[in-house]
Amino acid sequence: MLLQVSDLSKSYGVKSVLSHITMQVQERDRIGLVGVNGAGKSTLLKIICGEMSADSGSIFKSKETRIGYLAQNSGLTSERSIQEEMLAVFASLLEAEQELRTLEQQIADPHLQDDEKRYQDTLDRYAYLSEWFRENGGFEIETRIRSVLHGMGFGSFDPATPIHTLSGGQKTRLALARILLQAPDLLMLDEPTNYLDIPTLTWLEDYLRGYAGAILVVSHDRYFLDALATSIVEIERHAAKRYTGNYSRYIDIKAAEYEATLKAFEKQQDEIARMEEFIERNIVRASTTKRAQSRRKALEKMDRMDKPLGDLKKAHFSFEIDKRTGKDVLDVQQLSIGFEGKEKPLFHDVDFRLSRAETVALVGPNGVGKSTLLKALIHPKPNLASGTIRWGSNVQIGYYDQEQTGLTPTNTVLEEVWSAYRHLEEARIRTVLGNFLFSGEDVKKRISALSGGEKARVSLAKLMLQQANVLILDEPTNHLDLFSKEVLESALMDYEGTLFFISHDRYFLNKMAERIVELTPEGTQHFLGNYDDMMEKKQELQELEELAAAEAIQKPGASAQSAVATPSSSYEADKQAKKDERQRQRKLEQMEADIARLEQAIADLEEELTQPDIYNDYVAVGERQQAIDTYKEELSEVYTAWEELLA
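The notes below deal with the structure included here.

## What to know about the sheet that holds strand 2 (residues 15-25)
Step number 1: Pairing is antiparallel in the open sheet, where three strands are placed in the order 2-1-4. Among the strands making up the open sheet, the edge pair consists of strand 2 and strand 4 (56-61). Within this sheet the neighbouring strands show an average axis-to-axis angle of 20°, counted without direction.
Step number 2: Pairing of strand 1 (residues 3-12) with strand 2, which is carried by seven bridges, proceeds in the antiparallel orientation. The partner of Val5 across the bridge, within strand 2, is Met23.

Okay, here's the thing in structure tokens:
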């Protein structure tokens, strides 16, 4: 066990944030920490790493455990260059390397060889230090730095680039790269997927899956949590509860537990009602008084269940349209956009169309110009753009800016929304804000004092009241917690207008996108379907290119005609083989996830058997032992199937 949090509580004044939190972190754990905005997730991480103190409770960790913590949106502040900052992580190894060079010079000195004892001591020191340097990865320093920097999107950067010249998002990514290179025993990350594009997200998932230490991560990225987490800790109503499995499994288990608890509560309520009715009917009859009194005593001794609490209050809204657009909504042809003072455009030859009621996603790496493209559609600048942008008839555009530049910091929440819709009554505005979880005194908060998630909800409230028939959204799920994302998805799925949006949220892309436009500096690529469909199509295209390249390289003496005459059945067989291999790999990954889940379940039950209130109760011991045996049988079956698939 790396870390034990016991009975931890934290309050701000009279407001309780965390209450009696208990959790463990074992070696190689992959824990996703979830909860609504303001639940206390970041507070818990800060207490664990020592940046904040708890009101009560304790945290135990071994002396050898190294904890690395990356706060949300915490950019790296340094006067060094990128390379210098990354090398600083390996300061002890670099010092050891310098000492090795010095020892080599001493060993080569003939005067030292004359002193047998000093010479032998120097050789021993050199042997010990060489082994330590090798075991601690001294020979892989440059390789590790290059690999992590490339994965985090700095592959094309000059290593000598000063860090202070980078943007805020780049500094955040560099801070993440630095902590990955430090490789602490427990890696704690607060919203690490912010500012990451899809290729970087995919790389980070693969890197963290193979990470040697334990990981405790706060994230609102459901795709990321499904790919990485082996257990979920939910903070809700100030308390923490652990679920085995990834995010999707947590959702299923939580729903099933609620249903089971609700049924048990309702069953007990029915039983109480029957007993009370019997008592009322029979307490006054001489012949049945004793039985009624006996029932009354049983009722008084009954351990009554509390009604299970349902989900926390969620935002509730829908997007309506004032009138329909024509069939053709937008036609973009040969669009190029550049910046003043730069010869080369940001992108060129961009072509795409939008039709009424379509839901289309715009994707591409960071810096390619996605947000710039959206802004150009709404407020074109002819001096910086070429090509044509044609909007259809009856188009009313609603725009969501991920940077929330449309909000006035000095306004209150009520003033911000009401100033945009003066024709509406205050009661109507307050009702709308209530649907977005701003009630009572919350509407008097200044915009400048709101969190990122709260600002996002204010912008969505203004957007909803606009009743636009075309929504252009730039990263609409940024800053929203998992529950608010689900509400937004439901509202957008019921939307009858046209939706064009940017997102790096792959779960959101999978659920919403009917078509994807990928933006590159040279133009656009078009894919039918959602994110997974796009990746599958890209994989097929890559396989076709590899096959074409292989066919182009002919054996010595083979004629061009023989290459042309290659039967198509060979291609089909090769394509099927690759498809089968992908399916095999997916099955292997699923089985490995099942193995991890079952092993964790067994470990959790065995841990419970060590608790006094369990091992002193033979019934509880029997139940847990039976569950362990069941899990072990299932684990054995999965292992057998896994080994057969590997063979």
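What follows continues from the structure just given.
## Some remarks on the pairing of strand 15 (residues 470-474)
Step number 1: Of all five residues in strand 15, five are buried, a share of seventy percent or more.
Step number 2: Side chains Val470, Ile472 and Asp474 project from strand 15 onto one buried face, and the interleaved Leu471 and Leu473 project onto a second face that is buried too.
Step number 3: The pairing of strand 15 with strand 16 (residues 498-502) spans five bridges and is classified as parallel. Paired with Leu473 across the bridge in strand 16 is Phe501.
Step number 4: Following the backbone out of strand 15, through helix 16 (residues 482-493) and into the adjacent parallel strand 16, one traces a crossover that is right-handed.

## A few points about the packing of helix 6 (residues 141-151) against helix 8 (residues 198-209)
Step number 1: Packing of helix 6 against helix 8 brings their axes to within 9 Å, and their N-to-C directions diverge by 135°. Between helix 6 and helix 8, the angle falls in the class oblique. Contacts between helix 6 and helix 8 involve Ser147, Val148 and Gly151 on the former and, on the latter, Thr200, Trp203 and Tyr207.
Step number 2: Across the contact of helix 6 with helix 8, the residue classes break down as three nonpolar, three polar and no charged.

## Side note on the sheet that holds strand 11 (residues 347-355)
Step number 1: If you trace the three strands from one edge of the open sheet to the other, you get 11-10-13, paired in antiparallel fashion. Every other strand in the sheet has two partners, leaving strand 11 and strand 13 (385-391) as the edge strands with one partner each. Going from strand to strand, the sheet's axes swing by 0° on average, the running direction of each strand aside.
Step number 2: Across six bridges, strand 10 (residues 328-337) lies against strand 13 in antiparallel orientation.

## What about the pattern of salt bridges?
Step number 1: Counted by the stated rule, this structure contains 32 salt bridges.
Step number 2: Between Arg506 and Asp221 there is a salt bridge, and its shortest N-O distance comes to 3.8 Å. Residue Arg506 is located in helix 17 (residues 506-512), and its partner Asp221 is located in the loop between strand 7 (214-218) and helix 9 (222-228); the two are separated by 285 residues in the primary sequence. As far as burial versus exposure is concerned, Arg506 and Asp221 are alike and both buried.
Step number 3: For the salt bridge of Glu234 with Lys254, the shortest nitrogen-to-oxygen distance reads 2.5 Å. Here Glu234 is found in strand 8 (residues 231-236), whereas its partner Lys254 is found in helix 10 (residues 247-282), with 20 residues between them in sequence.
Step number 4: Take Glu234: its relative accessible area is 5%, and that puts it in the buried class.
Step number 5: For Lys254, a relative accessible area of 16% corresponds to the buried category.

Analysis parameters
Residues numbered from 1 in each chain as written. Predicted model: local features only at pLDDT ≥ 70, side-chain atom pairs only at ≥ 80, totals over all residues. Heavy atoms only, no water. Pairing = 2+ DSSP bridges. Helix = DSSP H or I, 4+ residues; strand = E, 2+ residues; numbered from the N terminus. Axes fitted to C-alpha atoms, helices over the stretch in contact; angles between N-to-C directions. Buried < 20%, exposed > 50% of the residue type's maximum accessible area, 1.4 Å probe, protein only. Right-handed = clockwise from strand over helix to strand, strands pointing away. Parallel < 35°, antiparallel > 145°, perpendicular 65-115°, else oblique. Contact = heavy atoms within 4.5 Å. Nonpolar A, V, L, I, M, F, W, Y, C, P; charged D, E, K, R; others polar. Salt bridge = Lys/Arg side-chain N within 4 Å of Asp/Glu carboxyl O.

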